[in-house]
Amino acid sequence: MNNYKLLTPGPLTTTETVKKAMLVDHCTWDDEYKQITVAICTQLLELAHASSETYAAVLMQGSGSFGVESVLSSSIGKQDKLLVISNGAYGDRMAEMAYYNDIKCDILNFFYNETPDADKVNAYLKTHPEITHVAMVHCETTTGILNDIEAIGEVVKTHNKIYIVDAMSSFGGVDIEVEKLEIDFLISSANKCIQGVPGFSFVIAKKSEIMNCKGRARSLSLSLYDQYKEMIKDGKWRFTSPTHVVLAFEQALKELKEEGGIIARNTRFSKNMSYLRANFENLGIKPYLNQEVQSPIITTFEFPKENFNFKTMYDFIKARGFAIYPGKLLNLETFRIGVIGEIYLEDIEKLTDVMAEYLSSRG
Ligand SMILES: *Cc1c(COP(=O)(O)O)cnc(C)c1O
């Protein structure tokens, strides 16, 4: 069995009960099983504050990127043009997906430690009327920065564009009023803040926009419209579904509710994050991001010393109970720590002790 906890933003440390929920083999066309999918979709809409008249939740096999690629490759027509607003690797990945799928795309880059500026987006859209869709990441997991989807969304909607939000690492941990923000497509996955295991992603989308996807898909397996048309009937997935993962997700949603919903989970994650940043700063390890733009999901720290080596630090910490994450910045030596999953203040405290021990072992 696992002898270390994951301080990584998915897969993450799940509960015993979520893992145990997978000890059943389900038949995919069985009514009882199909009803689980229906119930999951209903609960996802509730979590998103989206009405079932206007919105639908669609589950999609594969990791989170499959969900993002499903939306981009299904919703953007041949004559359309996407604008990707990027301040990290996941924003860049959306532009890369556009390239692979032959989707016309512009990219508006921002510094990794700054949230995208709504005025600049506004100016860009003013001078580029050919843009039809705008995509942005909510929590850029590259650094842990939390982008302002409300301010950007206002600009996007003023210009009447389709708004796509990759909320992979934030949905379930940060409250998002999808309908109020008029988000057209929001993507997240089973193994992040909902605390399920990896195996599928989900899309919360305006039904009218799903309908507009008809005939646009560039891929059979990733066609959002076709997936929706099948799933909406009775909860049956179009192709083989990850049955065990679905059962784990059902249990994870139950546990999210028991914890007190997204607000309570956000409070736990936020406390973990504040405690982590404060403790590490006391050890002389500098957080890369300013507190004001820090998400309660994951954070980046700068290596404290010249002779720092990620591999030796990783092994030292893992032997003492935790797996951490390497950094993803090109110009700076960093490492990352996630605080989502079954992680509590006592874990952060223990990690701080381990880090202090490591630092003193290095002199
Ligand atoms: C995790 C994540 C993804 C998806 O990554 P997969 O490895 O495909 O699950 C996409 N965007 C963001 C912001 C993420 O954190």
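Structure: see above.
Keep in mind that this is a model prediction, so the values were computed, not measured.

**Considerations on the side chain of Thr 143**
Relative to the helices and strands, Thr 143 resides in the loop between β6 (139-140) and β7 (145-146). A distance of 3.1 Å separates a polar atom in the side chain of Thr 143 from the backbone nitrogen of Ile 145. For Thr 143, the residues in contact, after removing those within four places along its chain, are Tyr 112, Tyr 288, Leu 289, Ile 298, Thr 299, Thr 300 and Leu 329.

**Details of the pairing of strand β11 (residues 298-302)**
Most of β11 is tucked away, with five of its five residues classed as buried. Both faces of β11 are covered, namely the face carrying Ile 298, Thr 300 and Glu 302 and the face carrying Thr 299 and Phe 301. Note: β11 against strand β14 (residues 334-338), five bridges, orientation antiparallel. Across the sheet, residue Thr 299 finds its bridge partner in β14, namely Ile 337.

**A closer look at the site of the ligand**
The immediate surroundings of the ligand are formed by Ser 63, Gly 64, Ser 65, Tyr 90, Arg 93, Val 137, Cys 139, Thr 141, Asp 166, Met 168, Ser 169 and Lys 192. Gly 64 is positioned such that a nitrogen or oxygen atom in its backbone is 3.0 Å from an oxygen atom of the ligand. Within the side chain of Asp 166, one N or O atom sits 2.7 Å away from a nitrogen atom of the ligand. Relative to its unbound accessible surface of 380 Å², the ligand loses 85% to contact with the protein. Those elements that place two or more of their residues in the shell around the ligand are α3 (64-75) and α4 (89-100). When its residues are assigned to classes, the shell around the ligand shows four nonpolar, five polar and three charged.

**Brief notes about the sheet that holds β14**
Read across the sheet, three strands follow the order β11-β14-β13 without closing on themselves; strand pairing throughout is antiparallel. The sheet is open, and its two borders are formed by β11 and β13 (325-326), each paired with just one other strand. By the bridge criterion, two bridges tie β13 to β14 in an arrangement that is antiparallel. Bridge pairing in β14 links Pro 326 to Phe 335. Sheet strands in contact with helix α10 (residues 261-282) are β11 and β14, and its direction is about 5 degrees off that of β11.

**Some remarks on the sheet that holds strand β5 (residues 133-137)**
Reading across from one edge, β2-β10-β9-β8-β5-β3-β4 is the order of the seven strands in this open sheet, with mixed pairing throughout. Of all strands in the sheet, those with a lone pairing partner are β2 (55-61) and β4 (104-109), marking the two edges. Neighbour to neighbour, the strand axes of the sheet diverge by 20 degrees on average, direction disregarded. Strand direction decides the pairing type here: strand β9 (residues 185-189) and strand β10 (residues 200-206), joined by five bridges, are antiparallel. When the bridges of β10 are listed, Ser 189 appears paired with Ser 201. Contacts from helix α2 (residues 31-47) reach β2 and β10, with the element oriented near 125 degrees to β2. Against the sheet, α4 makes contact with β3 (81-86), β4, β5 and β8 (162-166), and its axis sits at roughly 160 degrees relative to β3, the strand it touches most.

**Topic: helix α9 (residues 243-259)**
The first and last C-alpha atoms of α9 sit 25 Å apart over 17 residues, in line with the 24 Å expected at 1.5 Å per residue. Among all positions of α9, only Thr 243, Val 245, Val 246, Leu 247, Ala 248, Phe 249, Gln 251, Ala 252, Leu 253, Glu 255 and Leu 256 are buried. Of the surrounding elements, those touching the buried residues of α9 are α1 (16-20), α2, β10 and α10. Just past α9, the residue Gly 260 takes up positive phi, approximately 115 degrees.

**Comments concerning the packing of α10 against helix α12 (residues 345-361)**
Angle between the axes and distance between the axes are the two parameters that describe a pair of packed helices. Two elements in contact, α10 and α12, have axes separated by 9 Å at closest approach and are oriented at 20 degrees. Taken together, the axes of α10 and α12 are roughly parallel relative to one another. Note on packing geometry: the crossing formed by α10 with α12 is right-handed. Side by side, α10 and α12 meet where Lys 271, Asn 272, Tyr 275, Leu 276, Asn 279 and Phe 280 of the first sit next to Leu 345, Ile 348, Glu 349, Leu 351, Thr 352 and Met 355 of the second. The residue inventory of the contact of α10 with α12, partitioned by class, reads seven nonpolar, three polar and two charged.

Basis of the calculations
Residues numbered from 1 in each chain as written. Predicted model: local features only at pLDDT ≥ 70, side-chain atom pairs only at ≥ 80, totals over all residues. Heavy atoms only, no water. Helix = DSSP H or I, 4+ residues; strand = E, 2+ residues; numbered from the N terminus. Polar contact = N/O pair within 3.5 Å; in protein donor to acceptor, adjacent residues only side chain to side chain. Contact = heavy atoms within 4.5 Å. Buried < 20%, exposed > 50% of the residue type's maximum accessible area, 1.4 Å probe, protein only. Pairing = 2+ DSSP bridges. Near = heavy atom within 4 Å. Areas by Shrake-Rupley, 256 points an atom, 1.4 Å probe, with all protein chains shown as cover. Nonpolar A, V, L, I, M, F, W, Y, C, P; charged D, E, K, R; others polar. Axes fitted to C-alpha atoms, helices over the stretch in contact; angles between N-to-C directions. Expected span 1.5 Å × (residues − 1). Parallel < 35°, antiparallel > 145°, perpendicular 65-115°, else oblique. Left-handed = near helix turned anticlockwise from the far one by under 90°.

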